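Residues per chain, in single letters:
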Amino acid sequence: MSETPLLEVKGLTKSFGGVQAVNGISFTLNKGDLLGIIGPNGSGKTTTVNLISGFVKATSGRVIFKGRDITNMPPYKIVRLGIARTFQMVKPFYQLPAFKNMIIPLYSPRVKALAGGKYGDRDAVALDLLEEVGFERDNQVAYKAASVLPQGYLKRLELAKAISLQPDIMILDELFSGLSLAEVASIVPIIEKLLLEGKTIIMIEHRLKELFRIASRVIVLNFGEKIADGVAKEVMESDEVKKAYLGSEE
Amino acid sequence: MLLGTIVYAIINSVILIMMSIGFNLTFGISGISNFAYGALYIFSAFSTYMLLQMVGLPYPVAALVSIVLTAAIGALMYRFILMRVRGQVLSEVIATFGIGLAILEFFRYLGFVGVEYALPVFIDDSFMIGEVYVDAQRLIIVASSVVLVGLLWLFVHYTSVGLAFRGIAQDERTALTFGMDSDWIATLSVSLGAALAAIAATVIIPLGTISVSQGYDVLINALAVSIIGGLGSTGGVIVASLVVGFAQRFTDTYIGSHWTMIVSLAAILLVLVIKPSGLYGKQKELEERI
Amino acid sequence: MKKRKERIDRGIKVRSEDIFALSSWREMLYFAAPRVIPVAVFILLPLVLGDYWQRVYLSVAVFALLAISWDILSQSGMISLGQALFFGMGAYCSGVLNHYFGISPFLTIPIAAVVGGAICTVMLLPVLRLRGVYFSMVTLIIPLMLERVIEATKIFGGTEGLSGLDVLPSKWLEMYILVAAMIAALFGFRRMMTSDYGLVLTGIKDNDRSVMNAGINIYWFKIQALFIASAVGAFAGAMMTHVYRFVGMPVFALDYSILPIAAVMVGGPGSFAGAVLGAFILVPLSEALRALGGLRIVFYGVFLVVFVVGMPEGIFHFIARKYSQFERWAEVDK
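Sequence positions are assigned chain by chain, starting from 1 and proceeding in written order. The lettering of chains begins at A and the numbering of ligands begins at 1, in the order of writing. Local features in this predicted model are restricted to residues whose pLDDT is 70 or higher, and side-chain atom pairs enter the listing and the counts only when it is 80 or higher, whereas totals over whole chains, interfaces and linings include all residues. By convention in this description, side-chain values take in all heavy atoms of the structure and omit both hydrogens and water.

Visitor: Please set out the overall build of chain A residue by residue, giving values where relevant.
Guide: Put simply, DSSP H or I for four residues or longer makes a helix, DSSP E for two residues or longer makes a strand, and each gets a number counted from the N terminus. Summing up its helical and strand segments, chain A has 11 helices and 10 strands in all. Computed over the C-alpha atoms, the radius of gyration of chain A is 18 Å, within 12% of the 18 Å expected from 2.2 N^0.38 for a compact globule of 250 residues. Considering only C-alpha atoms, chain A reaches an extent of 55 × 40 × 40 Å along its principal axes. Burial classes follow relative accessibility: with a 1.4 Å probe on protein chains only, a residue under 20% of its type's maximum area counts as buried, one over 50% as exposed, and anything between as partly exposed. Counting only residues that meet the buried cut, chain A has 54% of its 250 residues in that class. Pairs of residues are marked as contacts when any of their non-hydrogen atoms sit within 4.5 Å. For chain A, the share of sequence-separated contacts (at least 6 apart) that also reach a separation of at least 24 residues comes to 66%. Carbon and sulfur atoms form 53% of the exposed surface of chain A, whose accessible area is close to 11100 Å². In this count, Lys and Arg are taken as positive residues and Asp and Glu as negative ones, while His and the chain termini are left out. The atoms used to mark charge sites are NZ of Lys, CZ of Arg, CG of Asp and CD of Glu. Considering chain A, the positive charge centre built from 32 side chains and the negative charge centre built from 28 side chains are found 8 Å apart. Restricting the calculation to C-alpha atoms gives the radius of gyration, and the globule rule supplies 2.2 Å times the number of residues raised to the power 0.38. Where accessible areas are quoted, they stem from the Shrake-Rupley method and a 1.4 Å probe; at the residue level, only the protein chains shown are allowed to cover.

Have a look at this one:
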């Protein structure tokens, strides 16, 4: 416990109008963890992630990353510090080929800084990264317009965009939603590989089976509050979690 | 002098409210910014003038017909032009602006320029408020704007069409799933905005003459008030009109009339710097629109 | 039997653009013709025109620059209804520098482009934080208000304006500075928008959230695009000031806002070539229609509506498609 956590969330709260979307959530994240955030629809998972990544301003509470307070920083600064995320609804630039979609993240000042002040050949880097997430080079998928790619590839593209920023923490917002079992099965190894490389990952997920295979820790949200935190198996045994998922017993 | 300034500042504010409420309402409901708004205002004025002078209808009938006619033009504008480009902000802006331009400049081309183009006041009389002379027309403007805002409030809160307006304004997709016809509501919203422009013209124009350049002025005022108050917020329109109306009148009296435009411009820039979405803007800057 | 229209890239297009294996004169000509011919026309045109049409050509170039400036903004997601702001700011900057300080036009024009562009950018800075129509609304009213401010405060000559300004030493010089600027802007900005930098700008228009999520400060990029566009507009204004030897309130007039938009709409947005083409069609047309007086502006209004609704891609894209693709009717399966 001597190690300072990579990310520390303290009493994070957001209310929209009168509704408490997120209410006093706290947790810590150590380097190399894969934290799963689960909970029923509307339990505040995405809002929590939006708060951490700066897309939504917190009503109260703090987010501390590498000992630095990043609460309510603009999103682009948070990304530059090393937290990258994906979005649940993928909105690529449809008219552009897949690899051209990678240009914008590769134009990021973070990429430039990490590469020692120069960008290099973005097109080549883009193709390499896409191959890593499963855009087979042989059949030229990376050159196809995003508008003709199936959802599975668009999700991989979204993942590749996050990887290209070489973040310390990656937040994956429902990466598996809308994908077939086979597609999920082909993405899981990519995530496992990222963990081996020492990345820290937060995943919001409804596909619990796949999540539990890779998650080292899970927190459960319900009505904007954290109701459980721990190892996957134990968490799911808890009465409160069962109640949240199966509905109340009254 | 102070009392007079205050009285006329209130009247000035009310005129601004009348000029901008329609523009703001249309935007608030359907997200359409109708840049033809000033042109519709002038169209209604000329239409009343023609019905009055050339056809010879009685004044109230001419005014009423003009209001209906303007509302119809608003509806047609949506049905035949805006509906095709719905959702593309660029196209909506350019299309409405083009329509407005065509209408206004067409009147100028037809030679509708001069002091003879004016509408008679409703009642030729004046009253004393304290030591200040106020003519009946200005009181009518104030009274009608109070009635209008009241009616609008009742309409939006208590009628089914009004509730549908609010539904669409809050969440178009959800409203669609409840079977609301978004195009029909948008038609009504543009039409209602046009009618409000026409009503404003009917009560305000008798104070002066009808001129094409006023069409642009009305649009500028409507935009300025909406920017300051916050697009789509009726409360914002009222507050912003009061702010601008008072600021204009007081600079006019105590500093000099040529400063009024600078004051409006400064007010806009200041509000944009401090709170870009306007005093009561519903449009969040970027957050919460994910 | 149902048929649908099928469009296929011409083989020559693919070979000459994507692979760059230009193996025959025909292919090289195919690639070069749409670039070389317009440039040659731009350069040679002044030599064959009479005095009157040379003046018209000057305004074509000015409006082409304003239209290009508009197109830069629109491709970055900002819809300006007030090109007159940029034009007028540049015009007044150079006029004031020349009138009050006696600085030569060779200096006032570049200074006005930079300073005028910077002033416009600073004025519009707060609006950049908002999406949607705010930018249009604010750009529309600021030049109209500035016109009133000048009229009311009588600064910089008030309604009279500043006249008797210096001209450039030769009319050929002013002609070819403008033509060169137009050509440079056309090809330079086309290049810029297809580069990675341009990709970020168009990315902001399509999905700003995604660009922000790449750690890119979208406001900073928007500011850059705005400055580039307003400097181009200010340059056009400064040039015109010295051509007419006069600057006054009319530089903020609606004409300078509307005609560029109409030009882009007619020519086709998103390519700059469309903007120039539109200026080449509309400006001479409006000269020819001069007899109609005010009705011209009515036509602009109608043009805007017709093209926005009926032909949103504009003439240039239509021609480009015919040039690079062939069409045929193909049977629809089943």
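Visitor: How would you sum up the overall build of chain B? Please name residues and give values.
Guide: Broken down by element type, chain B carries 11 helices and 2 strands. The order of helices and strands in chain B, counted from the N terminus, is α-α-α-α-β-β-α-α-α-α-α-α-α. For chain B, the C-alpha radius of gyration of 19 Å lies close to 19 Å, the compact-globule estimate for 290 residues. Each principal axis of the C-alpha atoms in chain B carries an extent, and together these give about 55 × 50 × 35 Å.

Visitor: An account of the packing of aromatic side chains is needed here, citing residue identities and associated values.
Guide: In this analysis, rings of Phe, Tyr and Trp, with Trp reduced to its six-membered ring, are considered paired at centre separations within 6.5 Å, and the interplanar angle assigns stacked below 30 degrees, edge-to-face beyond 60, and tilted for intermediate values. Within the structure shown, the criterion is met by 23 aromatic pairs over all chains. Ring centres 6.4 Å apart and planes at 80 degrees place the aromatic pair B:Phe23 and B:Phe35 in the edge-to-face group. You can see B:Phe23 sitting in helix α1 (residues 2-30) and its partner B:Phe35 sitting in the loop between α1 and α2 (37-55), a full 12 residues away along the chain. Here the aromatic residues B:Phe23, B:Phe35, B:Tyr37 and B:Phe97 are joined through ring pairs into a cluster of three or more. Between the NZ or CZ atom of A:Arg156 and the centre of the ring of A:Tyr153, over which it lies, the distance is 5.3 Å. Consider the ring centre and the ring normal. A charge sits over the ring if Lys NZ or Arg CZ is within 6 Å of that centre and within 35 degrees of that normal. Seen from the ring of C:Trp172, C:Lys171 lies directly overhead, with NZ or CZ sitting 5.2 Å from the centre.

Visitor: Describe the environment of A:Ala84, and please don't skip the residues or the numbers.
Guide: Residue and element names in this part refer to chain A. The residue Ala84 is located in strand β6 (residues 83-85) in this model. As a C-alpha pair, Ala84 and Ile171 span 87 residues in sequence and 6.2 Å in three-dimensional space. Those residues in contact with Ala84, other than ones at most four positions away along the chain, are Ala162, Leu165, Pro167, Ile169, Met170 and Ile171.

Visitor: Could you give an account of helix α8 (residues 181-196) of chain A, naming the residues involved and the relevant values?
Guide: Owing to its 3.6 residues per turn, the α-helix brings residues three or four apart onto one side. All names here are of chain A. Between the first and last residue of a helix there are one fewer steps than residues, each counted as 1.5 Å, and that sum is the expected span. The end-to-end C-alpha separation of α8 is 23 Å, in line with the 22 Å expected for 16 residues at 1.5 Å each. Taken as a whole, α8 has its buried residues at Val184, Ile187, Val188, Ile190, Ile191, Leu194 and Leu195. Among the structural elements, β3 (34-38), α6 (122-132), α7 (151-164), β7 (169-173), β8 (200-204) and α9 (208-214) are those in contact with the buried residues of α8. Positive phi shows up at Gly198, right after α8, with a value of about 95 degrees.

Visitor: Outline the sheet that holds strand β9 (residues 217-222) of chain A, listing residues and values.
Guide: Each strand in a sheet pairs with another by means of backbone hydrogen bonds, the pair being arranged parallel or else antiparallel. All names here are of chain A. Strand pairing follows a simple DSSP-based rule, namely that at least 2 bridges must link the two strands. Strands sit in the order β6-β7-β8-β3-β9-β10 across an open sheet of 6 strands; the sheet is mixed. Only two strands of the sheet have a single partner each, and these edge strands are β6 and β10 (225-230). The mean angle between the axes of side-by-side strands here comes to 20 degrees, regardless of whether they run parallel or antiparallel. In the sheet, β6 pairs with β7 via 3 bridges, with the strands oriented parallel. Across the sheet, residue Ala84 finds its bridge partner in β7, namely Met170. Between N-to-C directions, angles cover 0 to 180 degrees, with each direction set by a line fitted to C-alpha atoms, over the stretch in contact for helices. Across the sheet, α7 lies against β6 and β7, angled at about 165 degrees from β7, the strand it touches most.

Visitor: Give me the sheet that holds strand β2 (residues 19-29) of chain A: which residues, what numbers.
Guide: Residue and element names in this part refer to chain A. Ordered in space as β2-β1-β4-β5, the 4 strands form an open sheet in which the pairing is antiparallel. At either end of the open sheet lies a strand with only one pairing partner, and these are β2 and β5 (68-69). Here 7 bridges tie strand β1 (residues 7-16) to β2, and the two strands are oriented antiparallel to one another. Paired with Phe16 across the strands is Val19, a residue of β2. Strand contacts of helix α1 (residues 45-52): β1, β2 and β4 (60-65), with the helix running at about 115 degrees to β1, the strand carrying the most contacts.

Visitor: So what's going on with the interface of chain B and chain C? Residues and values would help.
Guide: Taken together, the 47 residues of chain B in the interface contact 45 residues of chain C. Put simply, buried area is how much 1.4 Å-probe accessible surface two parts lose in total, over both of them, once they are put together. A combined buried area of about 4300 Å² lies between chain B and chain C, and 83% of that area is made up of carbon and sulfur atoms. No other element matches helix α4 (residues 89-109) of chain B, which puts 14 residues into the side of chain B that touches chain C. When residues are grouped by polarity, Ala, Val, Leu, Ile, Met, Phe, Trp, Tyr, Cys and Pro land in nonpolar, Asp, Glu, Lys and Arg in charged, and all others, Gly among them, in polar. In terms of residue class, the side of chain B that touches chain C is made up of 33 nonpolar, 9 polar and 5 charged.

Visitor: Can you tell me about the packing of helix α7 (residues 171-194) of chain C against helix α12 (residues 273-288) of chain C, naming the residues and giving the values?
Guide: Residue and element names in this part refer to chain C. Following both chains from N to C, one finds α7 and α12 inclined at 150 degrees, their axes separated by 9 Å at the closest point. Of the possible angle classes, the one that applies to α7 and α12 is roughly antiparallel. Here Met182, Leu186 and Arg190 of α7 come into contact with α12, specifically with Ala273, Val276 and Phe280. Considering only residue class, the contact of α7 with α12 consists of 5 nonpolar, no polar and 1 charged. The scheme is simple: roughly parallel for angles under 35 degrees, roughly antiparallel for over 145, roughly perpendicular for 65 to 115, oblique for anything else.

Visitor: Can you lay out the pattern of salt bridges for me, pointing to particular residues and giving the numbers?
Guide: When a carboxyl oxygen of Asp or Glu is within 4 Å of a side-chain nitrogen of Lys or Arg, the pair counts as a salt bridge. A full pass over the atoms with the stated rule returns 17 salt bridges over all chains. Here C:Asp51 ties to C:Lys171 by a salt bridge, and the two come within 2.8 Å at their closest N and O atoms. Of the two residues, C:Asp51 sits in helix α3 (residues 51-75) while C:Lys171 sits in helix α7, which places them 120 residues apart along the sequence. Via salt bridges that share partners, A:Asp33, A:Arg217, A:Lys226 and A:Asp229 belong to a single interconnected network.

Visitor: Can you tell me about helix α3 (residues 59-80) of chain B, naming the residues and giving the values?
Guide: All names here are of chain B. Across its 22 residues, α3 extends 31 Å between first and last C-alpha, which sits within 8% of the 32 Å expected from 1.5 Å per residue. Restricting attention to buried positions, one finds in α3 the residues Tyr59, Ala62, Ala63, Ser66, Ile67, Thr70, Ala71, Gly74, Ala75, Met77 and Tyr78. Buried residues along α3 sit in contact with α2, α4 and α8 (182-204).

Visitor: An account of the packing of α3(C) against helix α10 (residues 218-244) of chain C is requested, with residue identities and associated values reported.
Guide: Residue and element names in this part refer to chain C. The geometry of α3 relative to α10 is characterised by a closest axis approach of 8 Å and an angle of 165 degrees between their N-to-C directions. Considering the angle they form, α3 stands roughly antiparallel to α10. You can see that α3 and α10 cross each other, and the crossing is left-handed. Contacts from Arg55, Leu58, Ser59, Val62, Leu65, Leu66, Ser69, Ile72 and Leu73 of α3 reach α10 at Ala225, Leu226, Ile228, Ala229, Val232, Gly233, Phe235, Ala236, Met240, Val243 and Tyr244. When the residues that make up the contact of α3 with α10 are grouped by side-chain class, the tally is 16 nonpolar, 3 polar and 1 charged. If you view the pair so one helix is near and one far, a crossing is left-handed when the near helix is turned anticlockwise from the far one by less than a right angle, and right-handed when it is turned clockwise.

Visitor: Please give an account of the pairing of strand β1 (residues 126-129) of chain B that cites residues and values.
Guide: Strand residues, when the strand is regular, have side chains that alternate between the two faces of the sheet. Residues and elements named next belong to chain B. Sheet analysis places β1 next to strand β2 (residues 132-135), joined by 4 bridges and oriented antiparallel. From the neighbouring strand, Ser126 faces β2, where its bridge partner is Asp135. Where β1 folds back on β2, the antiparallel hairpin that results is connected by 2 residues, among which Gly130 adopts a positive phi of roughly 65 degrees.

Visitor: Before we move on, can you summarise a nonpolar patch on the surface with the specific residues and values?
Guide: Residues and elements named next belong to chain C. A contiguous nonpolar patch, built from Leu107, Ile111, Val114, Val115, Ile119 and Phe227 and spanning about 450 Å² of accessible area, is present on the exposed surface. When residues of the nonpolar patch are assigned to their parent elements, the largest contribution, 5 residues, is made by helix α5 (residues 105-124). Within the secondary structure layout, Phe227 lies in helix α10. By relative accessible area, Phe227 is classed as partly exposed at 30%. Residues enter patches when they are more than 30% accessible in relative terms and free of salt bridges; like-charged ones are connected within 9 Å and nonpolar ones (Val, Leu, Ile, Met, Phe, Trp, Tyr) within 5 Å.

Visitor: Which residues make up the side chain of B:Thr26, and what values do they have?
Guide: Its location among the elements puts B:Thr26 in helix α1. Apart from residues no more than four positions distant in its own chain, B:Thr26 is found in contact with B:Gly31, B:Ile32, B:Ser189, B:Val190 and B:Gly193.

Visitor: Which residues make up the confidence of the model for chain A, and what are the values?
Guide: Atom-level detail of predicted coordinates should not be read off regions where pLDDT is low. Looking at any residue, its pLDDT shows the predictor's confidence there, from 0 to 100. For chain A, per-residue confidence averages 84 on the pLDDT scale, and 97% of positions sit at 70 or higher. Ranking the elements of chain A by mean pLDDT puts helix α11 (residues 239-246) of chain A last with 72 and β8(A) first with 91.

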